[in-house]
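Observations on the model geometry
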Amino acid sequence: MKTVKVKFRVNNEPVTLQVKPYETLLETLRERLSLTGAKEACSLGACGACTVILNGIPVRSCLILTPEVDGMKVTTIEGLKQGEKLHPLQKAFIEKGAVQCGFCTSGMILTAKTLLDRNPKPKKDEIIRTISSNTCRCTGYKKIIEAIEIAAK
Ligand code: FES
Ligand code: FES
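All figures in this text were calculated on a predicted structure; none of them were measured in a lab.

Tallying secondary structure elements over the chain gives five helices and five strands in all. Counting helices and strands in the order they occur from the N terminus, the chain gives β-β-α-β-β-β-α-α-α-α. A compact globule built from 153 residues should have a C-alpha radius of gyration of about 15 Å, and the chain, at 15 Å, falls within 12% of that. Expressed along its principal axes, the backbone C-alpha trace of the chain runs to roughly 50 × 30 × 25 Å. Expressed as a percentage of its 153 residues, the buried residues of the chain come to 44%. At a minimum sequence separation of 6, the contacts of the chain that also span at least 24 residues come to 53%. Positive and negative side-chain charges of the chain, numbering 24 and 15 respectively, have mean locations separated by a distance of 3 Å.

This is how it looks when you write it as structure tokens:
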């Protein structure tokens, strides 16, 4: 099988890999780079469990082929800590009890981060709209929304 050379940055670290042309970014992150925060659930782009940030935009890593990210910057949940300190969104999710099984959590937090990066003080309806494409089967969303509101204060 022919492979493709791909160079990109993950959580500010340079990565160079030979990958199959059809390998997804989710597979690369989880299976080659041991970054297992992004989860595989639907594999169809529907649930958001696999969300990562690609050049500042939240994307479904199950729908992105790794050769497509050549030259780009990827941020995963593992890259959100600032030194030993958790990101305010991570702290707020823990404090608010917005994490139950945790399967949706990294996608929720990364999606919320891109919102706070472009609007540090979002209104509640904007928070709801932003995370509406991410599925949570456990929390009922209320605590997730509250956690994002706390992180925005
Ligand atoms: S696993 Fe990628 S969107 Fe559901
Ligand atoms: S905490 Fe379980 S799916 Fe959201």
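Moving on: the domain arrangement of the chain. By domain assignment, the chain separates into domain 1 (4-79) and domain 2 (88-151). One C-alpha centre belongs to domain 1, the other to domain 2, and the line joining them spans 21 Å. The contact between domain 1 and domain 2 buries some 1100 Å² in all, and 62% of this surface belongs to carbon and sulfur atoms. Looking at the side of domain 1 facing domain 2, the largest losses of area belong to Thr-51, Ile-53 and Ile-77, adding up to 41% of the total buried there.

It is the contact of helix α3 (residues 105-118) with helix α4 (residues 124-131), at a shortest axis distance of 10 Å, that shows an interaxial angle of 135°. Judged by the inter-axis angle, α3 sits oblique to α4. Of the two elements, α3 crosses α4, and the hand of that crossing is right-handed. Of α4, the residues touching α3 (which contributes Met-108, Thr-111, Leu-115 and Arg-118) are Glu-126, Ile-127, Thr-130 and Ile-131. Taken together, the residues of the contact of α3 with α4 break down into four nonpolar, two polar and two charged.

Another aspect to go through is the layout of surface pockets. One way to see where empty space is left: roll a probe the size of a water molecule over the atoms. One number sums up the size of the largest pocket: a volume of about 220 Å³. Lining the largest pocket are 14 residues, with Asn-12, Ile-53, Lys-73, Val-74 and Thr-75 sitting closest to its centre. For the lining of the largest pocket, the secondary-structure elements that each account for two or more residues are β3 (51-54), β5 (73-75) and α3. Its residues placed into classes, the lining of the largest pocket shows three nonpolar, seven polar and four charged. Both domain 1 (4-79) and domain 2 (88-151) contribute no fewer than three residues apiece to the lining of the largest pocket. Of the volumes computed, that of the second largest pocket is approximately 180 Å³. In terms of lining residues, the second largest pocket is bounded by Ala-41, Cys-42, Cys-47, Ala-49, Cys-101, Phe-103, Cys-104, Thr-135, Cys-136, Arg-137 and Cys-138.

Turning next to the nonpolar core. Counting residues in each nonpolar core, the largest one holds 23 residues, and the members touching the most others are Leu-89, Phe-93, Met-108, Ile-144 and Ile-148. For this core, the secondary structure elements donating two or more residues are α2 (88-96), α3, α4 and α5 (142-151). Sorting elements by how many residues they give to this core places α3 first, with six residues. With residues up to four places along the chain from it excluded, the contact list for Phe-93 reads Ala-98, Val-99, Thr-105, Met-108, Ile-109, Ile-144, Ala-147 and Ile-148.

Thresholds applied
- Each chain carries its own residue numbering, running from 1 in the direction its sequence is written.
- Each chain gets a letter, beginning with A, and each ligand a number, beginning with 1, in the order they are written.
- Where local features are concerned, this predicted model is filtered to residues with pLDDT of at least 70; where side-chain atom pairs are given and counted, the filter is 80 or more; whole-chain, interface and lining totals use all residues.
- Side-chain metrics in this entry use all non-hydrogen atoms of the structure; hydrogen atoms and water are not considered.
- Segments assigned H or I by DSSP are reported as helices when at least four residues long, segments assigned E as strands when at least two residues long, and all are numbered from the N terminus.
- Each radius of gyration reported is based on C-alpha atoms, and the globular scaling rule is 2.2 Å times the count of residues to the power 0.38.
- Partly exposed describes any residue whose relative accessible area lies between the buried limit of under 20% and the exposed limit of over 50%, with all areas from a 1.4 Å probe on protein chains only and scaled to the type maximum.
- It only takes one pair of heavy atoms within 4.5 Å for two residues to be counted as in contact.
- The charge count includes Lys and Arg as positive and Asp and Glu as negative, but it does not include His or the ends of the chains.
- Every charge is mapped to an atom, namely NZ of Lys, CZ of Arg, CG of Asp or CD of Glu.
- Those domain boundaries reflect an automatic or database domain assignment.
- When two components associate, each loses some accessible surface as probed by a 1.4 Å sphere; the sum of these losses over both components is called the buried area.
- Axis definition: a line fitted to C-alpha atoms, limited for helices to the stretch in contact. Angles are taken between N-to-C directions and run from 0 to 180 degrees.
- Orientation categories follow fixed angle ranges, with anything under 35 degrees roughly parallel, anything over 145 roughly antiparallel, 65 to 115 roughly perpendicular, and all other angles oblique.
- Here a crossing is called left-handed whenever its near helix is offset anticlockwise from the far helix by less than a right angle, and right-handed whenever the offset is clockwise.
- Gly is placed with the polar residues, together with every amino acid not listed as nonpolar (Ala, Val, Leu, Ile, Met, Phe, Trp, Tyr, Cys and Pro) or charged (Asp, Glu, Lys and Arg).
- Points on a 1 Å grid, built from protein atoms alone, make a cavity when a 1.4 Å probe fits but cannot get out and make a pocket when they are open with protein on both sides within 12 Å along at least 5 of 7 lines; residues with an atom within 4 Å of a point are the lining residues.
- Grid points are joined across faces, edges and corners, and a volume is the space filled by probe spheres set on the points.
- In these notes, a set of buried Ala, Val, Leu, Ile, Met, Phe, Trp, Tyr and Cys residues joined through side-chain atoms within 4.5 Å is what counts as a nonpolar core.

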